[in-house]
Structure formats: C-alpha cells, structure tokens
Amino acid sequence: MFRNLEAEQARLGYTNTDVAKKLGISRVSYENKKKNGKFTTLEIKSLCKLFKCKFDYLFYTDGEGEE
C-alpha cells in the first residue's frame, strides 16, 4: 500500500521484524498495518523519525488501490 515506506525500509535493510520491534508491536501486526493503513498517530510519528522522512512522502499512495 505504501511504496515509499517499503522503499525506505529496504534502503536501510530493515526487516518487518526489525521495524515492528522499533514500534513495539508484533511482525504480523506491522504487516497488517502496512496492508490496511491503520497505523496509530504515535506509530506514524515513530516511522517518520525512524526513516527520517516526512509523512506526505512516507505514506504517499498513488490512488490506484492496493497491490
């Protein structure tokens, strides 16, 4: 759903487990949130800080629906 989030995660070499641990949630929860977009405000802020990106970039969607 969020291509830039996926790209930044790959660029830094983080696995889904790595990012989930940084957010304090399970890997499965993180993967589900990436699919459904239901991150909490705190999680969003943490991800923006982790990847050093602004919200508009990190959570950009092209409007073409889910992959």
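Relevant structure appears above.
All of these numbers come straight from a predicted model, not from anything done at the bench.

Visitor: A description of the nonpolar core should follow, citing residues and the corresponding values.
Guide: The nonpolar side chains of a soluble globular protein tend to be buried, and buried together. Counting residues in each nonpolar core, the largest one holds 15 residues, and the members touching the most others are Leu-5, Tyr-30, Phe-39, Leu-47, Phe-51, Leu-58 and Phe-59. Counting residues per element, the ones that place at least two in this core are α2 (16-23) and α4 (41-51). Element by element, the count of residues in this core is highest for α4, at five residues. If we skip the residues at most four places from it in the chain, Leu-47 touches Leu-5, Val-19, Leu-23, Tyr-30, Phe-39, Leu-58 and Phe-59.

Visitor: Now, about the pattern of salt bridges: what can you tell me, with residues and values included?
Guide: Pairing between side chains of opposite charge can happen when their charged atoms approach one another. Counted by the stated rule, this structure contains four salt bridges. Across the salt bridge formed by Glu-43 and Lys-33, the nearest N and O atoms sit 2.9 Å from each other. Residue Glu-43 is found in helix α4, and its partner Lys-33 is found in helix α3 (residues 27-36); the two are separated by ten residues along the sequence. Classification of Glu-43 as buried rests on a relative accessible area of 8%.

Visitor: Tell me what's going on with the packing of aromatic side chains, and back it up with residues and numbers.
Guide: Under the definition given, this model contains six aromatic pairs. On the basis of an interplanar angle of 50 degrees and a centroid distance of 6.4 Å, the ring pair of Phe-2 and Phe-39 is categorised as tilted. Note that Phe-2 is positioned in the segment before α1 (3-11) and Phe-39 in the loop between α3 and α4, a separation of 37 residues in sequence. For Phe-2, a relative accessible area of 9% gives the class buried. Residue Phe-39 is classed as buried on the basis of its relative accessible area of 10%. Taken together, the aromatic side chains of Phe-2, Tyr-30, Phe-39, Phe-55 and Phe-59 make up a single cluster linked through ring pairs.

Visitor: Which residues make up unusual backbone geometry, and what values go with them?
Guide: A negative phi angle is the norm for most residues apart from glycine, just as the trans form is the norm for most peptide bonds. Unusually for a residue other than glycine, Lys-52 sits at a positive phi of about 55 degrees. You can see Lys-52 is positioned in the loop between α4 and α5 (55-58). Owing to a relative accessible area of 74%, Lys-52 belongs among the exposed residues under this scheme.

The rules we used
Residues numbered from 1 in each chain as written. Predicted model: local features only at pLDDT ≥ 70, side-chain atom pairs only at ≥ 80, totals over all residues. Heavy atoms only, no water. Core = buried A, V, L, I, M, F, W, Y, C linked by side-chain atoms within 4.5 Å. Buried < 20%, exposed > 50% of the residue type's maximum accessible area, 1.4 Å probe, protein only. Helix = DSSP H or I, 4+ residues; strand = E, 2+ residues; numbered from the N terminus. Contact = heavy atoms within 4.5 Å. Salt bridge = Lys/Arg side-chain N within 4 Å of Asp/Glu carboxyl O. Phe/Tyr/Trp six-rings, centres within 6.5 Å; stacked < 30°, edge-to-face > 60°.

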